[in-house]
Amino acid sequence: MFSDFSAAELTAIFAMQGFAGLILFAVFVLMALGLAIIFGQMGVINMAHGEFMILGAYVTYMTSNLFANHFPELFGSYFLFAIVLAFFAAALLGVIVEWGLIRFLYHRPLDTLLATWGLSLILQQAYRSIFGAREVGVVIPDWLMGSYQITDMIEVPINGLFVMSLAVLATVTVAVLMYRSRWGKQVRAVVQNREMAGAVGINTARVDRLTFALGCGIAGVAGSAFTMIGSTGPSSGQLYIVDTFLVVVFGGAGSLFGTVASAFSISQSQSIMEFFMGGSMAKVLTLLVVVIILMFRPQGLFSLKVRR
Amino acid sequence: MEHSKPKLSRRSFLARSIAAMSAAVLLSGISLTATANPSTAEVNTTGLAVTDDTVKVGILHSITGTMAISEEGSVQAEILAIEQINAMGGVLGRQIEYVQEDGASDWPTFADRANKLLRQDKVAAVFGCWTSASRKAVLPIFERNNGMLYYPTFYEGLEQSPNVIYTGQEATQQILAGLDWVSEDKGAKTFYLIGSDYIWPRTSNKIARTHIEQHLGGQVVGEDYFPLGHTSFNSVINRIRLRKPDVIFASVVGGSNVAFYRQLKAAGLDMTKEDFTLLTISVTEDEILGIGGDNIEGAYASMKYFQSLPNENNQAFVEAFKARWGADAVIGDVTQAAYLGPWLWKAAVEKAGSFDVDRVREASPGIELTTAPEGYVRIHENHHLWSKTRIGHAQRDGQFKVVYETDELMEPDPFPAGYQ
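Fair warning: this is a prediction, and the values are worked out from it, not measured in the lab. Within every chain, residues take consecutive numbers counted from 1 along the sequence as written. Chains and ligands are labelled sequentially in the order written, the chains with letters from A and the ligands with numbers from 1. The predicted nature of this model means local features are confined to residues of pLDDT at least 70 and side-chain atom pairs, given and counted, to a pLDDT of 80 or more, with totals for whole chains, interfaces and linings taken over all residues.

Caption draft 1: Fine view of the overall build of chain A. Secondary structure follows DSSP: runs of H or I at least 4 residues long count as helices, runs of E at least 2 residues long count as strands, and numbering of each begins at the N terminus. When its secondary structure is counted, chain A shows 12 helices and 2 strands. Traced from its N-terminal end to its C-terminal end, chain A shows the element sequence α-α-α-α-α-β-β-α-α-α-α-α-α-α. As defined in this context, the radius of gyration uses C-alpha atoms, and a globule is described by 2.2 Å times the residue total to the power 0.38. Here the C-alpha radius of gyration of chain A, 20 Å, is about what a compact globule of 308 residues would show, namely 19 Å. Projecting the C-alpha coordinates of chain A onto the three principal axes gives extents of approximately 70 × 55 × 35 Å. With C-beta atoms placed from the backbone, the exposure class of a residue follows from how many other C-beta atoms lie within 10 Å of its own: 20 or more, buried; 12 or fewer, exposed; in between, partly exposed. Counting only residues that meet the buried cut, chain A has 49% of its 308 residues in that class.

Okay, structure coming up:
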């Protein structure tokens, strides 16, 4: 298929294609990070993860309206405020959900699955009642929407760069929190042995609540960023949930590095195959490869070695 | 069941005297209209829910679940039409009462609710369904119970039921006119087809490809499908860049739409510069709400109705719609087609002089509506509508500017020979 193109064209296309893969990688990392924390560290299968993301998206929508109506001169920078607000809104909802629902269901993975699925339906209908059934259009500041011209042929979308930096920032923050902070130590202690962690004086209930809130908050940030590339509607969260679980399960629950590695391999293969054979076929092949690898490595790419 | 002369029991005697008295009271009040109405026994021989002054119809759309986003407009249009008909005196002198059921974006639920409307409520007609999947789910129920469905969505064709009137366009009406226009007006030679992966885009693209290759002398340089809900289009955008097609022919639907147009714009493929033409058959004013007018500005859409159509019927319709449902309401192609349903049914009932489904069906072909917002429409023998196709140019404010309109009505052809 390449015979009728010049070398310069091909280089440009491959450069842009590599970049497309990186953007997808960043999207996957942002989607999966929150879930990896909740699923990996707490063993909770949170089917409502997508709805937490959409909460972030709606917060972004409301912030943009607020700025457009009251501080039009600051509109260009509303997005940064929106991301912070989205984090806290989703984290707050996370605390409430953990307190009211999840904490009764630890060690009952199937029940949490059903309960959080129910929660996702409730949240979807709540969004529909509050914001209307139609999708809302989030106006993105102009500086985020254009593309950055590197050469004649190569153009890099700025929102892609933004999503990438956000993904890096979020990953580094979570890594530092998990592996360099006192709180992270407590979380890991609870994951490894809940009773023993409790016995040495760690407030495990509080650790659980904060972990869940952090995971939800990151979902909110992801949702806020995705208003640039996807739709914002009551059931838009459903668009992301399958890919999110795929990345987390394939990476190996409980391993942050595994999530990143899994997001990288899935996004690269998906985006390269999409280029050659179109979206549906690429998806089928990606899923097929993931299933085959999981057959031989049920614990995922990387897994925590824990004595159980 | 056969009844030999029933005995007059005390209870039924009482009931009859009450009925007689109330009838007398009613008659004295509204004697003028009552005498004008044909008797119920005459206009309803099959036990439908018709009384001397009311007739029941059903509205069956999703008001919860993923499809609520699309079906909301149809419900609003149908209710508006029914209220307007009632204000004009109803159908055969009877006020329309509607029973609204929620299909909940779930096809078995659609079937179940259709059953309830036809068997329990005995409605005379149903206005409803949106996706082809929901229509296919209720179709056997309408055929078995001999109901009448008015279906508003533009769809892939390949269907013709005696129990359905299709008020939206079937695929060829929408596609052929659009492709002819882009080929003539823009001199387009190469086409890139992209769509969501289910029956409507695939059937549409099959028709489009045949027309491009056999009738327009053009070339299809790419054809891609994406799963419903797909949100990353950067790879296909790179392919499009490489192929440099004159036309991107898009039938992407749902949430994917938003992702597709936002990423197209972010990738620097600016539709306002007219380096290429994007022709879509799936984006109405409704979808632009989510996509954002600034992201789709410059695209062209091929369908039969746009909110901005500058005729008197449409101006009145838009005004009435906004008065009823709020000033910021938008009206897309399907919403207008849904609005036609109750009016077409009224016309057919009045022509037949009866609510009986069989007689309404017989009367339907040839029914014309000169008051339709889209202009003039007429029901074809095959239960689809003759209608014009228009090309709209997407503006920044989320509206379309109509830039072209077919001279003639497009004939509906749900089973296009040579295109399958």
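Moving on from the model shown.
Caption draft 2: The overall build of chain B, seen in detail. On a plain count of helices and strands, chain B comes out with 14 helices and 15 strands. A compact globule built from 420 residues should have a C-alpha radius of gyration of about 22 Å, and chain B, at 24 Å, falls within 12% of that. With the C-alpha coordinates aligned to their principal axes, the bounding extent of chain B is approximately 85 × 40 × 35 Å. For chain B, the proportion of its 420 residues judged to be buried stands at 53%. Long-range contacts, defined as pairs at least 24 residues apart, comprise 71% of the intrachain contacts of chain B with a sequence gap of at least 6. Contacts here follow a simple rule: the backbone-placed C-beta atoms of the two residues must lie within 7 Å.

Caption draft 3: View of the domain arrangement of chain B. All names here are of chain B. All domain edges in this entry derive from an automatic or database-based domain assignment. In terms of domains, chain B is made up of domain 1 (41–169 + 319–386) and domain 2 (171–303 + 388–405). Here the C-alpha centre of domain 2 lies 30 Å away from the C-alpha centre of domain 1. For the side of domain 1 that touches domain 2, the elements supplying multiple residues, two or more each, are α3 (68–87) and α13 (333–352). Under the scheme applied, nonpolar residues are Ala, Val, Leu, Ile, Met, Phe, Trp, Tyr, Cys and Pro; charged residues are Asp, Glu, Lys and Arg; polar residues are all the others, including Gly. Class assignment for the residues of the side of domain 1 that touches domain 2 results in 6 nonpolar, 7 polar and 2 charged.

Caption draft 4: Just the interface of chain B and chain A, in detail. In this assembly, 35 residues from chain B lie in contact with 38 residues from chain A. Elements supplying a minimum of two residues to the side of chain B that touches chain A: α3, β7 (219–226), α8 (234–243), α9 (255–266) and α10 (285–291) of chain B. Taken together, the residues of the side of chain B that touches chain A break down into 13 nonpolar, 14 polar and 8 charged.

Caption draft 5: Main features of the pairing of strand β2 (residues 95–102) of chain B. All names here are of chain B. Where strand β1 (residues 54–61) and β2 come together, 8 bridges link them in parallel fashion. Along β2, the bridge assignment pairs Gly58 with Val99. Looking down the strands as they point away from you, a crossover is right-handed if its path from the first strand over the helix to the second goes clockwise. Assessed by its sense of winding, the connection that carries the chain from β1 through α3 to β2 is right-handed. Strand pairing requires that DSSP identify at least two bridges connecting the strands.

Caption draft 6: Representation of the sheet that holds strand β4 (residues 149–151) of chain B within the structure. All names here are of chain B. Strand order in the open sheet formed by 5 strands is β2-β1-β3-β4-β5, and the pairing between neighbours is parallel. Unpaired on one side and paired on the other, β2 and β5 (164–166) mark the two borders of the sheet. Here the strands of the sheet are splayed against their neighbours by 25° on average, with no regard to which way each runs. Pairing of strand β3 (residues 126–128) with β4 involves 2 bridges; the strand directions are parallel. Across the sheet, the residue bridging to Phe127 is Tyr150, located in β4. Interaxial angles span 0 to 180 degrees and are taken between N-to-C directions of axes, which are lines fitted to C-alpha atoms, for helices over the stretch in contact.

Caption draft 7: The arrangement of the packing of helix α2 (residues 49–70) of chain A against helix α3 (residues 78–100) of chain A in detail. Residues and elements named next belong to chain A. Following both chains from N to C, one finds α2 and α3 inclined at 140°, their axes separated by 8 Å at the closest point. In terms of axis orientation, α2 runs oblique to α3. Pair α2 / α3 crosses with right-handed handedness. For the pair α2 and α3, contact is made by Phe52, Leu55, Gly56, Val59, Thr60, Thr63, Ser64 and Phe67 and by Tyr78, Phe81, Ala82, Leu85, Ala86, Ala89, Ala90, Leu93 and Gly94, respectively. For the contact of α2 with α3, the per-class residue count stands at 12 nonpolar, 5 polar and no charged. Should an angle lie under 35 degrees it is considered roughly parallel, over 145 roughly antiparallel, and from 65 to 115 roughly perpendicular; all remaining angles are considered oblique. Less than a right angle of anticlockwise turn of the near helix away from the far helix marks a crossing as left-handed, whereas a clockwise turn marks it as right-handed.

Caption draft 8: Broad picture of α9(B). Residue and element names in this part refer to chain B. Across its 12 residues, α9 extends 17 Å between first and last C-alpha, which sits within 8% of the 16 Å expected from 1.5 Å per residue. Among the residues of α9, those classed as buried are Gly255, Ser256, Asn257, Val258, Ala259, Phe260, Tyr261, Arg262, Gln263, Leu264, Lys265 and Ala266. Trailing α9 by a residue or two, Gly268 shows a phi angle of about 90°, which is positive. A helix's residues, less one, multiplied by 1.5 Å, set its expected span.

Caption draft 9: Spatial organisation of unusual backbone geometry. All names here are of chain B. Even without glycine at this site, Lys122 takes up a positive phi of about 55°. When you line up the elements, Lys122 lands in the loop between α4 (107–120) and β3. The exposure class of Lys122 is partly exposed, given the 18 C-beta atoms found within 10 Å. Positive phi is not limited to glycine here, since Lys244 has a value of about 45°. By the secondary structure assignment, Lys244 is in the loop between α8 and β8 (247–251).

Caption draft 10: Representation of the sheet that holds strand β13 (residues 385–386) of chain B. Residue and element names in this part refer to chain B. The strand order across the open sheet built from 3 strands is β11-β12-β13, with neighbouring strands paired in antiparallel fashion. Two strands bound the open sheet, and with one partner strand each, they are β11 (368–372) and β13. Sheet topology places strand β12 (residues 375–379) next to β13; 2 bridges connect them, and they run antiparallel. Paired with Ile379 across the bridge in β13 is Leu385. Strand contacts of α13: β11 and β12, with the helix running at about 135° to β11, the strand carrying the most contacts.

Caption draft 11: Region of the structure containing the nonpolar core. By convention in this section, buried Ala, Val, Leu, Ile, Met, Phe, Trp, Tyr and Cys residues joined through C-beta atoms within 7 Å make up a nonpolar core. Ranked by internal contacts, the top residues of the largest apolar core, which has 201 residues, are A:Phe28, A:Val29, A:Leu30, A:Ala32, A:Ala90, B:Val126 and B:Leu344. Among the elements that make up this core, the one with the highest residue count is helix α1 (residues 7–42) of chain A (22 residues). Both domains that furnish three or more residues to this core are identified here as domain 1 (41–169 + 319–386) and domain 2 (171–303 + 388–405) of chain B. Aside from chain neighbours lying at most four places away, what touches A:Ala32 is A:Thr244, A:Val247, A:Val248, A:Thr259 and A:Ala263.

Caption draft 12: Inspection of helix α5 (residues 132–144) of chain B at higher detail. Residues and elements named next belong to chain B. For α5, which comprises 13 residues, the first-to-last C-alpha distance of 19 Å matches the rise-based estimate of 18 Å (1.5 Å per residue) to within 8%. Val138 marks where α5 bends most, by close to 35°; the proline Pro140 follows one to four residues later. Listing the buried residues of α5 in full gives Ser134, Arg135, Ala137, Val138, Ile141 and Phe142. On the buried face of α5, the contacting elements are α4, β4 and β5. Asn146 lies just past α5 and shows a positive phi near 50°. Fitting axes to the seven residues ending at a residue and to the seven starting there, one defines the bend at that residue as the angle between these axes.

Caption draft 13: Spatial organisation of the pairing of strand β14 (residues 390–394) of chain B. Residue and element names in this part refer to chain B. Within β14, 4 of the 5 residues are buried, which leaves the element mostly enclosed by the surrounding structure. Relative to β14, strand β10 (residues 300–303) runs antiparallel, the two being bridged by 4 bridges. Bridge pairing in β14 places Ala301 opposite Gly392. Both β14 and strand β15 (residues 400–405) contribute to a ladder of 5 bridges, which runs antiparallel.

Caption draft 14: Main features of the packing of helix α10 (residues 238–251) of chain A against helix α11 (residues 256–277) of chain A. Residues and elements named next belong to chain A. The interhelical angle for the contact between α10 and α11, taken along N-to-C directions, is 120°, at an axis separation of 8 Å. Judged by the angle between their axes, α10 and α11 are oblique. In the crossing of α10 with α11, the sense of the turn from one axis to the other is right-handed. Every residue of α11 that contacts α10 at Leu246, Val247, Val248, Phe250 and Gly251 is listed here: Gly258, Thr259, Ala261, Ser262, Ala263 and Ile266. Class assignment of the residues belonging to the contact of α10 with α11 gives a composition of 7 nonpolar, 4 polar and no charged.

Caption draft 15: View of the environment of A:Met31. Residues and elements named next belong to chain A. Positionally, Met31 belongs in helix α1. The buried category is assigned to Met31, around which 30 C-beta atoms lie within 10 Å. Residues Met31 and Pro157, 126 residues apart in the sequence, show an inter-C-alpha distance of 20 Å. Other than its neighbours up to four places away in sequence, Met31 contacts Ala222, Tyr240, Asp243, Thr244 and Val247.

Caption draft 16: Up close: the confidence of the model for chain A. Mean pLDDT for chain A: 87, with 96% of residues reaching 70 or above. Summary of the metric used: pLDDT quantifies the predictor's per-residue confidence within the range 0 to 100. The lowest-confidence element of chain A is strand β1 (residues 147–149) of chain A, averaging 79 in pLDDT; the highest-confidence one is α3(A), averaging 94.

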